[in-house]
Amino acid sequence: MVNKISIILFLFASLFTANAQVNDTIYLSLDKAIERGRTKSVAAESAINTLRSYYWEYRSYKASLLPEMNFEATLPSYSKSYGAYQLDDGSYTFVRNNHLDMSGSLSIDQNIWLTGGTLSIISSLDFYRQFGNNTGNNFKSIPVAITLSQPIFGVNTVKWDRKIEPLRYEEAKADYIESSEKVALTAITYYFNLLSDKESVSIAKQNLENAKHLYNVALAKRNMGQISKNDVLQLKLNVLDAQSELTDAVSTMKSDMFRLRTFLDYGENVVIEPIIPEKFANISLNYDDVLQKALEHNSFSKNIRRRQLEADYDVAKAKGDLRQITLYAQVGFTGTSNEFNDAYNHLKDNQIVEVGVKIPLIDWGKRRGKVKVAQSNRNLIQSQLRQEAIEFNQDIFILVERFNNQQSQVEIAMTSDTIARKRYETNVETFLRGKISTLDLNDSRVTKDKSRLEYISNLYKYWYYYYQIRSLSLWDYIQNKPLEVDFEEII
């Protein structure tokens, strides 16, 4: 009875294992590989984290444009010490100072976009208590005061930030979409590497099978004197070569499957069976159209503009540092009393106007030198940007030409693959009838294998060029619409 139960359990375990192995085999299309790479790969996760970092930087910038409320306080400050005091005759003595003071202020601060200054509304209360012979409380209140701090000739940082920061965030969003397309390029490369390996293994297995069959036929013909010993030995070498090629092909396939499996975040037991994409988009691209879309959507144009603005800002900042003049003004009311309630009665005007000036009289050209350096750096950056723009346009032109040409290359490769396969099948039959040599047979076999792999290679180039162009123009030419992402959902 126990043995029967053990046998039944063993059979169930065997069936479960078999089903698990079947479930571990995944038939993967190119579209699904790209889609999974965009969501599961480490590169995709890195792109999302980079976008989030830029998003919060942009949120911080937007928050800096809004009013900010601050509370500042000293709660409390106690001092019991001796300090020097000068008498009328000029001599010094030490007097005891024993006091407690507290202070607090509430302010609303707003950066002024137009001028770069800061406008604040402040309310504060100070408390001072002297201990000793003259014990007593003192209160000073400023119910409301309006203050302005305004640099006169300095650079308006707020104005420049309003130009640069939104552009930086738009650049980051475009860069995220480009990163997603670059993930697709990596997925395409790994996918077609495995697909080519699978074809190589299939070819190697078929070649080994054919080589063994032809060798056995040759042995029979040799016994009948219908074939030379040299041809028999050549066919024996073909069997050994086919065995070696199969071993190498299987090893390469396992390595490339591991890369694709890791990239797509599949388990180690998953066996990926890539499917040859038989259909491809029948489209023709125009260079001017692709370039226009790239300049409109790609992060490159935004990057160019941002770097130009940053160079201009550095020059403006260097010029602003030639002299420093700051206006500080405060208008409000204040009250003092020994009682808390009375400190807010009988208020008096409280006005402060202060102009701070710092103008270097002799700095040996240091500040003007910094201006010249900033201007030289700006000229250098402008030259670099012009060169980068030329290379960007050139890359798009070359890609468009390659893509348009690749479509016909795929069709040619497909036809060549069909012809080479039929030619080899015909030559096998002809060889069996003894009408061609082993050299002719080997030549047709090599041509067949090469044509099949060339077809896979041309398919890879087609889709790689297509997604390269997508990553530059951020445009889906099959659906004829821009590549769009719901950034709010991602972040």
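This report concerns the structure included in the present document. Throughout, a residue's number is its position along its own chain's written sequence, starting from 1. Side-chain atom pairs in this predicted model are given and counted only at pLDDT of 80 or more, local residue features only at pLDDT of at least 70, and totals for whole chains, interfaces and linings cover all residues. Values reported for side chains reflect all heavy atoms of the structure, with hydrogen atoms and water molecules removed beforehand.

1. As for the packing of helix α4 (residues 157–223) against helix α5 (residues 229–263)
Closest axis-to-axis distance for the α4/α5 pair is 7 Å, and the angle between their directions is 160°. By the angle between their directions, the pair α4 and α5 is classed as roughly antiparallel. In terms of crossing hand, the pair formed by α4 and α5 is left-handed. Classifying every residue of the contact of α4 with α5 by side-chain character gives 24 nonpolar, seven polar and 10 charged. Structural elements are reduced to axes, namely lines fitted to C-alpha atoms, with helices fitted over the stretch in contact, and the angle between N-to-C directions of any two is expressed from 0 to 180 degrees. Helix and strand definitions follow DSSP, with helices as H or I runs of at least four residues and strands as E runs of at least two, each counted in order from the N terminus. By the definition adopted for this analysis, an angle is roughly parallel if under 35 degrees, roughly antiparallel if over 145, roughly perpendicular if from 65 to 115, and oblique otherwise. For any helix crossing, the convention is left-handed if the near helix is rotated counterclockwise from the far helix by under a right angle, and right-handed if that rotation is clockwise. Residues were grouped as follows: Ala, Val, Leu, Ile, Met, Phe, Trp, Tyr, Cys and Pro as nonpolar; Asp, Glu, Lys and Arg as charged; and all remaining residues, including Gly, as polar.

2. Points about the pattern of salt bridges
A carboxyl oxygen of Asp or Glu within 4 Å of a side-chain nitrogen of Lys or Arg is what we treat as a salt bridge. Scanning all chains against the criterion turns up 20 salt bridges. Here Lys-293 and Asp-289 are joined by a salt bridge, their closest N and O atoms 2.6 Å apart. With Lys-293 and Asp-289 both in helix α6 (residues 287–297) and four residues apart, this pair spans about one turn of that helix. Residue burial is assigned from relative accessible area. The probe radius is 1.4 Å, only protein chains are included, and a residue is buried under 20% of its type maximum, exposed over 50%, and partly exposed in between. Lys-293 gets classed as buried once you look at its relative accessible area, which sits at 13%. We classify Asp-289 as partly exposed; its relative accessible area is 30%. Residues Asp-417 and Arg-421 are paired through a salt bridge, measuring 3.3 Å at the closest nitrogen-oxygen approach. Of this pair, Asp-417 and Arg-421 both sit in helix α8 (residues 366–432), four residues apart, which is roughly one turn of the helix.

3. What about α6?
Those residues of α6 lying buried are Val-290, Leu-291, Lys-293 and Ala-294. Down the axis, α6 shows its buried residues gathered within 165° of arc, on one side only. Opposite the packed face of α6, turned more than 90 degrees from it, sit the exposed residues Asp-288, Gln-292 and Glu-296. The distance from a side-chain oxygen at the start of α6 to the backbone nitrogen of Asp-288 is 3.0 Å, and the residue carrying that oxygen is Asn-286. Note: the arc covers the axis-to-C-beta directions of the helix. Within 3.5 Å is the distance limit for a polar contact, defined as a pair of N or O atoms, with the added protein rule that one can donate a hydrogen and the other accept it, and that residues adjacent in sequence qualify only through two side-chain atoms.

4. Some words on empty space enclosed by the protein
Whether a set of points on the 1 Å grid over the protein atoms alone is a cavity depends on a 1.4 Å probe fitting there but being unable to get out, while an open set qualifies as a pocket with protein on both sides within 12 Å along at least five of seven lines; lining residues are those with an atom within 4 Å of a point. Grid points are joined across faces, edges and corners, and a volume is the space filled by probe spheres set on the points. As enumerated under the stated definition, the model contains two cavities of 30 Å³ or more in all. In this structure, the largest cavity encloses a volume near 120 Å³. Considering the residues around the largest cavity, the lining is formed by 13 residues, among which Asn-207, Ala-211, Asn-238, Asn-442 and Arg-445 are closest to the centre. At the level of elements, α4, α5 and α9 (438–473) are the ones that each hand at least two residues to the lining of the largest cavity. Top element by residues in the lining of the largest cavity is α5. It accounts for five residues. Class assignment of the residues belonging to the lining of the largest cavity gives a composition of six nonpolar, four polar and three charged. Estimates place the volume of the second largest cavity at around 40 Å³. The wall of the second largest cavity is formed by Arg-38, Ala-44, Ala-47, Tyr-176, Ser-179, Ser-180 and Val-183.

5. What about the pairing of strand β5 (residues 136–151)?
Here, any two strands with at least 2 DSSP bridges between them count as paired. Pairing analysis gives 12 bridges linking strand β4 (residues 118–130) to β5, with the strands arranged antiparallel. Note on β5: the bridge partner recorded for Leu-119 is Leu-148. Following β4, the chain reverses through five residues before pairing antiparallel with β5; Gly-132 in that reversal takes a positive phi of roughly 120°. When β5 meets strand β7 (residues 324–337), the two strands line up antiparallel, connected through 10 bridges. Paired with Leu-148 across the bridge in β7 is Ala-329.

6. A short note on the environment of Arg-36
Its location among the elements puts Arg-36 in helix α2 (residues 30–40). Classification of Arg-36 as partly exposed rests on a relative accessible area of 21%. Residues Arg-36 and Phe-403 lie 367 residues apart in sequence; the distance between their C-alpha atoms is 25 Å. We call two residues in contact when some of their heavy atoms are within 4.5 Å. Apart from the residues lying within four places of it in its own chain, the contact partners of Arg-36 are Ser-41, Leu-264, Asp-265 and Tyr-266. Among the polar contacts listed, one links the side chain of Arg-36 to the backbone oxygen of Leu-264, at a separation of 2.5 Å.

7. Some thoughts on unusual backbone geometry
With an omega of -20°, the peptide bond running from Leu-75 to Pro-76 counts as cis. Within the fold, Pro-76 resides in strand β2 (residues 68–86). The backbone of Asp-265 sits at a positive phi, close to 65°, despite the residue not being glycine. One can find Asp-265 in the loop between α5 and β6 (271–274). Asp-265 sits in the partly exposed class, given a relative accessible area of 48%. A positive phi angle, close to 55°, is found at Asn-480, a residue other than glycine. Within the fold, Asn-480 resides in the loop between β9 (475–476) and β10 (481–482). Residue classification places Asn-480 among the exposed residues on the basis of a relative accessible area of 56%.

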